[in-house]
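Summary of structural features
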Amino acid sequence: MARGNDIARAAHIFDHPGTGASDPATPGALPTLESWADSITAVLDDLGSREAVLLASNSALPAALFAATHPSRATALVVLEGFAHPLTERHGNPAPPEEAVAMWGTGELHHLLNPDMPWNEEIRATWARMVRLGASPGIVALMLPLLAEMDVRALLPAIRVPTLVVHHTDDPVIPPEWGKYLADHIPGAKYVELPGRNMYHFVEPWRASFQEIAEFLTGQQAQVPDDRVLATVLFTDIVDSTRRAAEIGDRDWHALLDAHDAVVRSQLSRFRGREVNTSGDGFLAMFDGPQRAIRCAMAIRDAVQALGVEVRAGLHTGECEVRGDDIGGIGVHIGARVSALAGANDVLVSSTLRDLVIGSGLEFEDRGAHQLKGVPGEWRLFAVASS
């Protein structure tokens, strides 16, 4: 979808990995928020589309991560009945997870979720067929706990694309205050609340929603600078490097550093990280995927042990300012402070980053709350458990 004078010529609907026409999820290989966001990139690349309007119905999680990470490719973001909260914080849903699984494939669940839409036996049978094609009850049972725990509230301020949030006043599942929260925490976002109880905006009555979206997308296009993006930053350095250099002498130390740097760069290439700069025995790198960043840090930690050295790593996901080949901003500052608190062989992450990789299979040890120098508030840190 395009925006402004370049009116959309085509719209594409696609299934995220693990659902619909894609390969089904399996208990040992559940999709992650990162893989879902990556699927948007894959679809755009396959279509040869440089940019698109993202329209997210219900869960705004993958679209929010993509819009923050790739602002030059997200012309605008439209969120319908969206949320960034974990569903575990929602109480009183009309269909608890176990009941939703039991009703899946019957069509009745969608009548419960959209009480204002017309309903008869033909409509019920059509919904039943559609959802059976989209996912089996077993897949739904696997995916619901994953969706229930995802939380992207921390990344909302990093979204810099024009954003419209539309919500129904009496949505039976997703509270309007969750939609309002999205708009309040995405800079410049517009919030529209419409009367109604439906979770979906493409069923009757749909015209009011369509009019709001059409007005938003055909207005004057805003310029979205590419100099502010959401990224995961990784800091690494060698533990006790000064002592080690004194022990082995300058010549051997420089040879060891060269070997260390080659290992780090090899792992950055493997996990699609971008080297930003080096300082002595330390690296700063950035990633557009939080899970890849953590796994890269783990791979670096394990690989350099063959050289007889230990490293520590600190990571954080936040908004970064791109300054040519360099990066700056509060996200980088927090990442550096997290790294400074890491010990030998630690891969230490902020709670923001930990929340973004729920469902990835990574396990964490709580390292408690900390004050980060120069950063307001208290920050809870987690160490990646050794695999």
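Structure report, in brief. Predicted, not measured: the structure shown is a model, and the values here were computed from it.

Let us look at the pattern of salt bridges. A complete count under the given rule lists 23 salt bridges for this structure. The closest approach of N and O atoms between Glu 275 and Arg 265, which form a salt bridge, is 2.7 Å. With Glu 275 in strand β6 (residues 274-279) and Arg 265 in helix α9 (residues 241-270), the pair connects residues that are 10 residues apart, well separated along the chain. Classification of Glu 275 by relative accessible area gives partly exposed; the value is 29%. Relative accessible area serves as the criterion here: at 38%, Arg 265 is assigned to the partly exposed category. Across the salt bridge formed by Arg 354 and Asp 355, the nearest N and O atoms sit 3.0 Å from each other. Its relative accessible area of 21% is what places Asp 355 among the partly exposed residues.

In this section: the sheet that holds strand β2 (residues 74-83). Judged by pairing direction, the sheet is parallel, and its four strands sit side by side in the order β1-β2-β3-β4 without closing on themselves. Strand pairing shows two members of the sheet lacking a second neighbour, β1 (52-59) and β4 (190-194), which therefore form its edges. When strand polarity is set aside, the average angle formed by the axes of neighbouring strands in this sheet is 15°. Bridge count for β1 against β2 is seven bridges, and the pairing is parallel. Paired with Val 53 across the two strands is Ala 76, which belongs to β2. Those strands touched by helix α8 (residues 207-217) are β1, β2, β3 (163-168) and β4, and its axis lies near 155° from that of β2.

Moving on, we come to the side chain of Gln 291. If you trace the backbone, Gln 291 turns up in helix α10 (residues 290-304). In this view, Gln 291 contacts Thr 32, Glu 34, Val 357, Ser 360 and Leu 362; residues no more than four positions away in its chain are not counted.

Its place among the elements puts His 201 in the loop between β4 and α8. Given a relative accessible area of 5%, His 201 falls into the buried group. A C-alpha to C-alpha distance of 8.9 Å links His 201 and His 167, two positions 34 residues apart in sequence. A polar contact of 2.8 Å, which involves the side chain of His 201, links it to the side chain of Glu 81. A polar contact is formed between the side chain of His 201 and the side chain of Ser 209, at a distance of 2.6 Å.

On to helix α5 (residues 121-134), then. Taking 1.5 Å of rise per residue, 14 residues should cover 20 Å, and α5 covers 20 Å from first to last C-alpha, within 8% of that figure. Those residues of α5 that sit buried are Arg 124, Trp 127, Ala 128 and Val 131. Buried residues in α5, looked at end-on, bunch into an arc of 105°, giving them a common side. The exposed set on the far side of α5, more than 90 degrees from its buried face, consists of Glu 122, Thr 126, Arg 129 and Leu 133. In this structure, the buried side of α5 is in contact with α4 (108-113). Near the N-terminus of α5, the side chain that reaches the backbone nitrogen of Ile 123, with its oxygen 2.8 Å away, is that of Asn 120.

This next bit is on the pairing of strand β10 (residues 347-350). The alternating pattern of β10 places Val 347 and Val 349 on one face and Leu 348 and Ser 350 on the opposite face, and all of these are buried. Here three bridges tie strand β8 (residues 311-323) to β10, and the two strands are oriented parallel to one another. Paired with Gly 314 across the bridge in β10 is Leu 348. Two elements, β10 and strand β12 (residues 378-384), share three bridges in a ladder whose sense is antiparallel. The residue bridging Ser 350 from the neighbouring strand is Leu 381, located in β12.

It is the contact of α9 with α10, at a shortest axis distance of 9 Å, that shows an interaxial angle of 150°. As the angle between them shows, α9 and α10 are arranged roughly antiparallel. In the crossing of α9 with α10, the sense of the turn from one axis to the other is right-handed. Two secondary-structure elements touch here, α9 through His 260, Val 263, Val 264, Gln 267, Leu 268 and Arg 270 and α10 through Cys 296, Ala 299, Ile 300, Ala 303 and Val 304. Considered class by class, the residues forming the contact of α9 with α10 number eight nonpolar, two polar and one charged.

So, how was this worked out
Residues numbered from 1 in each chain as written. Predicted model: local features only at pLDDT ≥ 70, side-chain atom pairs only at ≥ 80, totals over all residues. Heavy atoms only, no water. Salt bridge = Lys/Arg side-chain N within 4 Å of Asp/Glu carboxyl O. Helix = DSSP H or I, 4+ residues; strand = E, 2+ residues; numbered from the N terminus. Buried < 20%, exposed > 50% of the residue type's maximum accessible area, 1.4 Å probe, protein only. Pairing = 2+ DSSP bridges. Axes fitted to C-alpha atoms, helices over the stretch in contact; angles between N-to-C directions. Contact = heavy atoms within 4.5 Å. Polar contact = N/O pair within 3.5 Å; in protein donor to acceptor, adjacent residues only side chain to side chain. Expected span 1.5 Å × (residues − 1). Arc of directions from axis to C-beta. Parallel < 35°, antiparallel > 145°, perpendicular 65-115°, else oblique. Left-handed = near helix turned anticlockwise from the far one by under 90°. Nonpolar A, V, L, I, M, F, W, Y, C, P; charged D, E, K, R; others polar.

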